[in-house]
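Listed here are the chains, written in short residue letters.
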Amino acid sequence: MSGISQATGLLAAREGLWNAIQAATAAHGRDLDRYYTTPDEVTSTKWVGLTDMTVDPDLTNIGPRRSFDEAIRIGVSLGAWAPGRGEAAGRAAFEDAFELLSEIQTYITQRDIELGGAVLWCLPGQMSNDAVGSDDGNGYVAEIVTEFVCAHKVRPT
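This structure is a prediction, so every number in the text was calculated from the model and none was measured. (Residues numbered from 1 in each chain as written. Predicted model: local features only at pLDDT ≥ 70, side-chain atom pairs only at ≥ 80, totals over all residues. Heavy atoms only, no water.)

## Some points on the pattern of salt bridges
Pairing between side chains of opposite charge can happen when the charged atoms of each approach one another.
Then step 1. Inspection of the entire model under this criterion finds 4 salt bridges.
Then step 2. Here Arg73 and Glu147 are joined by a salt bridge, their closest N and O atoms 3.0 Å apart. Of this pair, Arg73 sits in strand E4 (residues 68-83) while Glu147 sits in strand E6 (residues 139-154), and the two are 74 residues apart along the sequence.
Then step 3. On the basis of relative accessibility, which here comes to 28%, the residue Arg73 falls in the partly exposed class.
Then step 4. Assessed through its relative accessible area of 14%, Glu147 is described here as buried.
Then step 5. With a shortest N-O distance of 2.8 Å, Glu87 and Arg91 are connected by a salt bridge. (Salt bridge = Lys/Arg side-chain N within 4 Å of Asp/Glu carboxyl O. Helix = DSSP H or I, 4+ residues; strand = E, 2+ residues; numbered from the N terminus. Buried < 20%, exposed > 50% of the residue type's maximum accessible area, 1.4 Å probe, protein only.)

## Things to note about the nonpolar core
Then step 1. In this structure, Leu17, Val48, Val76, Leu78, Ile104, Ile108 and Leu115 are the most contacted members of the largest nonpolar core, which totals 31 residues.
Then step 2. Residues in contact with Leu78, not counting those within four places in the same chain, are Trp47, Val48, Ala97, Leu100, Leu101, Ile104, Ala142, Glu143 and Ile144. (Core = buried A, V, L, I, M, F, W, Y, C linked by side-chain atoms within 4.5 Å. Contact = heavy atoms within 4.5 Å.)

## Focus on the state of the cysteines
Then step 1. One pass over the full model with this rule turns up 0 disulfides.
Then step 2. Between Cys122, a cysteine without a disulfide, and Cys150, which holds the nearest cysteine sulfur, the sulfur-to-sulfur distance is 3.2 Å.
Then step 3. In this structure Cys122 comes out as buried when scored by relative accessible area, which is 0%. (Disulfide = S-S within 2.5 Å.)

As structure tokens, this is what we get:
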């Protein structure tokens, strides 16, 4: 729940979120691509990957030995592709993507809110989505760009 520095806290939170995503999506097996970093190419009909990270330190309340709280924000991109055309394919892609997001959010908030002890807590943050038809007109992609916000305390030695 605390790190020696922002860097150690950020990496511990990222690893904790990665482990939670792996556990939350284990039932998907090989039907889901998982990426620790942004991939060059998505090869499955469903995917989830970690993206950017930011740290917002709260330096207004520096404690003993210069400890302070911070918010760590870790980006996640996930989505699904559904074959077909029109509304049915679009709905299928959105349903698959949001089901995947729900599985991850539920796992974190109900089973691993501290990301294995890496943070004080981790909750879903901002989210947006995008949807496009495939270049060949035979499918539909729904992508969700979201973040998880983690509370962390830096306790330098």
